[in-house]
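Residue-level structural notes
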Amino acid sequence: MIRVLDIIEDTMVDGPGFRTAIYGAGCRHQCPGCHNRWSWDFNQGRMMTTGELMAVVTSDPFANVTFSGGDPMYQAAGFAELARAIHRQTNKDIWCYTGFTFESLISQEQRELLDDVDVLVDGPYVERLRDPDLIFRGSSNQRLIDVQASLYAGEVILWQPDVTP
């Protein structure tokens with residue numbers, strides 16, 4: 001089960017291409033200048049099962065998936081279950097936004113979710129580092145990490161956009 005604040009279908013701002021963005025409730029980072037302040041409350045939204053969320057995810061065969069919030073890492077077990085189901089049943093990629101750093105997550109209970117995340121946008125939003133020219137993130141300290149390559153290499157490997165014509 002995941003406490004979901006909102007689901008935005010066909011968004012193009014939370015990763016490349018059309019995406020289904022699932023916004024989980026709750027965030028303790030509470031970054032100054034956060035554009036999702038409404039998502040900080042862990043009691044907002046409604047509980048949804050993996051099956052209910054999969055029905056939404058699979059309803060659009062062309063949209064990939066983004067986990068956001070709040071911070072999905074505060075509901076890592078539920079999002080990990082959903083991510084496994086997505087990868088078992090579809091060929092969609094999964095992006096996940098978190099205020100935690102990759103390095104802190106690989107040794108924590110949230111590590112399970114990383115096993116099925118393709119790209120992690122990590123680090124807190126830092127208002128003084130805001131850069132509107134960055135793709136898919138708000139401040140320059142945040143990284144776009146190729147999670148599977150990073151787990152394999154044992155070090156952070158940054159995601160590179162596919163720019164082939």
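Coordinates for the structure precede this section.
We now examine the pattern of salt bridges. Applying the stated criterion across every chain yields a total of five salt bridges. Across the pair D93 and R19 runs a salt bridge whose closest N-O atoms are separated by 2.6 Å. Of the two residues, D93 is situated in the loop between α2 (76-89) and β5 (94-97) and R19 in strand β2 (residues 19-24); the sequence distance between them amounts to 74 residues. Its relative accessible area of 0% is what places R19 among the buried residues. Residues E103 and R143 are paired through a salt bridge, measuring 2.7 Å at the closest nitrogen-oxygen approach. Of the two residues, E103 is situated in helix α3 (residues 102-105) and R143 in strand β7 (residues 143-146); the sequence distance between them amounts to 40 residues. The exposure class of E103 is partly exposed, given its relative accessible area of 40%.

Throughout the structure, instances matching the rule amount to seven aromatic pairs. Connected via pairs of aromatic rings, a cluster forms that spans F42, Y74 and F100.

Positionally, S139 belongs in the loop between β6 (119-122) and β7. Judged by relative accessible area, S139 falls into the buried class, the value being 0%. A distance of 3.1 Å separates a polar side-chain atom of S139 from the backbone nitrogen of V126. Those residues in contact with S139, other than ones at most four positions away along the chain, are P124, Y125, V126, L129, R130, D131 and L134.

Of all hydrophobic cores here, the largest spans 27 residues; its most connected members are I22, F67, L82, I86, L113 and L120. The set of elements that each furnish at least two residues to this core consists of β1 (2-11), α1 (50-59), β4 (64-69), α2, β5, α3 and α4 (111-114). Setting aside residues no more than four positions away along its own chain, L82 makes contact with I2, I22, T50, L53, M54 and F67. Counting residues in hydrophobic clusters, the runner-up holds seven residues, among them W95, V119, F136 and L144.

This part takes up the pairing of β2. Within β2, six of the six residues are buried, leaving the element largely enclosed by the surrounding structure. By the alternation rule, side chains of β2 split into R19, A21 and Y23 and T20, I22 and G24, which are all buried. In this structure, β1 lies alongside β2, joined through five bridges in antiparallel fashion. Pairing of I8 across the sheet is with A21, part of β2. Taken together, the six bridges between β2 and β4 define a ladder with parallel strand orientation. Looking at β4, one finds that A21 is bridged to T66.

Reading the values: rules and limits
- Residues numbered from 1 in each chain as written.
- Predicted model: local features only at pLDDT ≥ 70, side-chain atom pairs only at ≥ 80, totals over all residues.
- Heavy atoms only, no water.
- Salt bridge = Lys/Arg side-chain N within 4 Å of Asp/Glu carboxyl O.
- Helix = DSSP H or I, 4+ residues; strand = E, 2+ residues; numbered from the N terminus.
- Buried < 20%, exposed > 50% of the residue type's maximum accessible area, 1.4 Å probe, protein only.
- Phe/Tyr/Trp six-rings, centres within 6.5 Å; stacked < 30°, edge-to-face > 60°.
- Polar contact = N/O pair within 3.5 Å; in protein donor to acceptor, adjacent residues only side chain to side chain.
- Contact = heavy atoms within 4.5 Å.
- Core = buried A, V, L, I, M, F, W, Y, C linked by side-chain atoms within 4.5 Å.
- Pairing = 2+ DSSP bridges.

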